[in-house]
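Here is what each chain is made of, one letter per residue.
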Amino acid sequence: MIMAEPVPSSEPEPSAPVEEDELVRGARRGDLAAYDELVKRYQQRIYATIYHMTSNHEDANDLAQEAFIKAFQALKSFKGGSSFYTWLYRIAVNKTINFLKQRKNRTHMSLNDIDFNAEHDPDMMALISEQTPRRAAGLTELQEKLNEALLKLSEHHRLVVVLHDVQGLSHEEIAKVMECNVGTVRSRLFYARQQMQGFLADYLKPT
Amino acid sequence: MNENENNFESLRRLLALKRHETPPPGYFENFSAEVRARIRAGDAGRMESFSEHLPWLVRLMSAFEAKPAFAGAFAGALCLLLVFGIVFAERPDVAPQPLLQTAQASSPLAMAAPANLNSMPAEQPALIPISSTNPVFNTQSPDSLFASQGAAVQPVNFTLPGN
C-alpha cells in the first residue's frame, strides 16, 4: 500500500464536496457516525503528513488522533470559509509544529517499514547505490538518511517539502494550509530543496 | 522555475521513497474506532462540559488553534495592557493627606486628642484611639508630635497689614 498518493488537482475530490458538507453538518450536530466517515476519508493523509514531519510512528499516531479529536470539538467554530479538508490539515499541522517545537533536540526516529512496492519502483532501483550488496539494505539506509536530512530542516521548511514533494499538494493548497502566500511557499520550497540536496549529496546522482 | 525543477528531479525521486513508508498492516482499520472511543470516553466529555460552562473560551481556543496569528495578536494586546497597567500604577492618583486630618475626620475622640497631648506625659502614647480606618501608630513615645509621622513642620508666617 502506498501512503498518501500525490493529489494531482488543487481540490481533493471532485464529487466529494456535497457529501462532505452533509457529513460535516451531521458531525456538527454530534453525529459520531458522520464524523467517523470523515475520519476514514482523511486518516491516511493526516497520519502521513504528521509521520513525515516527525519521522516517528508513535508520535504520529498520537498526534493524528488528537488532531481528529480536536477537530471534532472545534467543529462548531468551523464556518466553512475553507474546505473541511484544508481546515483539518491546518489543525493537524499546527498541532504537529507545536509538538516539534516542544520536543526540540529530543529527536527519536521510529520509522515505518518500506512496503513491497518500493523494491520494484524503477526510481527507487535507480537510486540504490551500486556498492550496496543487497537491495533491501540499500533502501533502509536511504530511508534513514532521508529522514535524518528532513529532520535537519526547520519545521516550516520541512512542512513545505512534505506537503509538496511527498504528499503532492499544490503550492496554492499549501498556502491555504499554512496561511501564507504562494510566493512564500515557493521560496521556502526552493530553499528547503537546496538544503536537502546538500545533506544528501552522496546519495543523489546528477541529472 | 523549470530549470530549478529539473535540478531537483533527483531529490524528488529520492523523496518519493517516503511514500513507501507504511504503518503496520491493519493500522488504519482500527484508527477511526480509536478516535471515536477517545471522543466518547473522557476527552470529548470533559471538553463538552467545559464548553457548556465556558463556551466563549472554547471558541477562543478554537480560533487560536486555527489561526496562530490571532493568538499572537491576543498575546500582544495582553502585553500592552500589562505595560499600561504598570505605567499607571506608578502614577500617584491620590494626593497624600496629613495624618492628623484623617484622624480628625474619622473619629471624634481623635479630634480631642491633640489638645490633650500637650499635657500628656511622654510615656502615655496610647490615648489616640486606633480604629480600622486610622493608620496604626508607632507605640513608642515620640519626642515630638510630628516627629514620628515624618511630617515637615512649617512655621506659619503671618504678615499683618501695616507691618
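Only a predicted model underlies this, so the values are computations on that prediction, with no experimental measurement involved.

1. A few points about the overall build of chain B
Part 1: Along its length, chain B carries 7 helices and 1 strand.
Part 2: Mapped from its N terminus to its C terminus, chain B presents α and β elements in the order α-α-β-α-α-α-α-α.
Part 3: Taking all 163 residues of chain B together, 11% fall into the buried category.
Part 4: For chain B, long-range pairs separated by at least 24 residues make up 28% of all intrachain contacts whose partners lie at least 6 apart in sequence.

2. Some remarks on the overall build of chain A
Part 1: Summing up its helical and strand segments, chain A has 9 helices and 1 strand in all.
Part 2: The 207 residues of chain A split such that 40% are buried.
Part 3: Considering only intrachain contacts with a sequence separation of at least 6, the fraction spanning at least 24 residues in chain A is 68%.

3. Focus: the nonpolar core
All names here are of chain A.
Part 1: Core analysis: the largest hydrophobic core is formed by 59 residues, its most contacted members being Ile 50, Ala 64, Leu 88 and Ala 92.
Part 2: For this core, the element with the most residues is helix α2 (residues 32-54), which contributes 10 residues.
Part 3: Beyond its immediate stretch of four places on either side in the chain, Ala 64 contacts Ile 46, Tyr 47, Ile 50 and Ala 92.

4. A word on the packing of helix α7 (residues 155-166) of chain A against helix α9 (residues 182-199) of chain A
All names here are of chain A.
Part 1: At a closest axis distance of 9 Å, the pairing of α7 and α9 adopts a crossing angle of 95 degrees. Taken together, α7 and α9 sit at an angle that is classed as roughly perpendicular. Here His 156, His 157, Val 160, Val 161 and His 164 of α7 lie close against α9, whose contacting residues are Val 185, Arg 188, Leu 189, Tyr 191, Ala 192, Arg 193 and Met 196.

5. Regarding unusual backbone geometry
All names here are of chain A.
Part 1: Its identity as a non-glycine residue notwithstanding, Ser 55 has a phi of 55 degrees, on the positive side.
Part 2: By the secondary structure assignment, Ser 55 is in the loop between α2 and α3 (57-74).
Part 3: A positive phi angle is found at Glu 179, which is not glycine, with a value near 55 degrees.
Part 4: Note that Glu 179 resides in the loop between α8 (171-178) and α9.
Part 5: By C-beta crowding, Glu 179 is classed as partly exposed, having 16 other C-beta atoms within 10 Å.

6. A closer look at α7 of chain A
Residues and elements named next belong to chain A.
Part 1: By the criterion of burial, α7 is predominantly enclosed, with 10 of the 12 residues buried.
Part 2: Within α7, burial applies to His 157, Arg 158, Leu 159, Val 160, Val 161, Val 162, Leu 163, His 164, Asp 165 and Val 166.
Part 3: Looking one or two residues beyond α7, the residue adopting positive phi is Gly 168, at roughly 80 degrees.

7. Notes on the interface of chain B and chain A
Part 1: At the junction of the two partners, chain B supplies 35 residues and chain A supplies 49 residues.
Part 2: Breaking the side of chain B that touches chain A down by element, the ones donating at least two residues are α1 (2-7), α2 (9-15), β1 (21-22), α3 (27-53) and α4 (55-66) of chain B.
Part 3: When grouped by side-chain class, the residues that make up the side of chain B that touches chain A number 16 nonpolar, 7 polar and 12 charged.
Part 4: Bridging between strand β1 (residues 113-114) of chain A and β1 of chain B involves 2 bridges; their strand directions are antiparallel. By the bridge assignment for β1 of chain B, Ile 114 of chain A is matched with Glu 21 of chain B.

8. Structural notes on the environment of Arg 186 of chain A
Part 1: By the secondary structure assignment, Arg 186 of chain A is in helix α9.
Part 2: Here the alpha-carbon distance between Arg 186 of chain A and His 171 of chain A, two residues 15 residues apart in the chain, equals 7.0 Å.

9. A closer look at helix α5 (residues 68-89) of chain B
Part 1: Between the first and last C-alpha of α5 of chain B there are 31 Å, a value that for 22 residues agrees with the 32 Å anticipated at 1.5 Å per step.
Part 2: Counted residue by residue, α5 of chain B has 0 buried out of 22 residues, so it is predominantly exposed.

10. Brief notes about the confidence of the model for chain A
When pLDDT drops low, the exact placement of atoms in the prediction is not to be read closely.
Residue and element names in this part refer to chain A.
Part 1: Here chain A averages 82 in pLDDT, while 80% of its residues score no lower than 70.
Part 2: Here residues 4-11 is a poorly scored stretch, pLDDT under 50, and it has 15 contacts once near neighbours within four places are set aside; other chains count.
Part 3: A low-confidence stretch, residues 130-134 (pLDDT under 50), is modelled with 2 contacts involving residues beyond four sequence positions or located in other chains.

11. Focus: the confidence of the model for chain B
Residue and element names in this part refer to chain B.
Part 1: Summing up the model confidence of chain B, the mean pLDDT is 69 and the portion of residues at 70 or higher is 44%.
Part 2: Ranking the helices and strands of chain B by mean pLDDT puts α5 first, with 89, and helix α7 (residues 108-117) last, with 47.
Part 3: Low pLDDT, under 50, characterises residues 109-117; the stretch is placed with 11 contacts to residues that sit more than four places away or in other chains.
Part 4: Low pLDDT, under 50, characterises residues 122-127; the stretch is placed with 8 contacts to residues that sit more than four places away or in other chains.
Part 5: For this predicted complex, the interface confidence comes out at an ipTM of 0.75, alongside a pTM of 0.61.

12. Quick notes on the environment of Phe 190 of chain A
Part 1: Mapped onto the secondary structure, Phe 190 of chain A falls in helix α9.
Part 2: In this structure Phe 190 of chain A comes out as partly exposed when scored by C-beta crowding, with 17 C-beta atoms within 10 Å.

Here is what the cut-offs are and how they apply
- Residues numbered from 1 in each chain as written.
- Chains lettered and ligands numbered in written order.
- Predicted model: local features only at pLDDT ≥ 70, side-chain atom pairs only at ≥ 80, totals over all residues.
- Helix = DSSP H or I, 4+ residues; strand = E, 2+ residues; numbered from the N terminus.
- Buried ≥ 20, exposed ≤ 12 C-beta atoms within 10 Å, placed from the backbone.
- Contact = placed C-beta atoms within 7 Å.
- Core = buried A, V, L, I, M, F, W, Y, C linked by C-beta atoms within 7 Å.
- Axes fitted to C-alpha atoms, helices over the stretch in contact; angles between N-to-C directions.
- Parallel < 35°, antiparallel > 145°, perpendicular 65-115°, else oblique.
- Nonpolar A, V, L, I, M, F, W, Y, C, P; charged D, E, K, R; others polar.
- Pairing = 2+ DSSP bridges.
- Expected span 1.5 Å × (residues − 1).
- pLDDT = per-residue confidence, 0-100.

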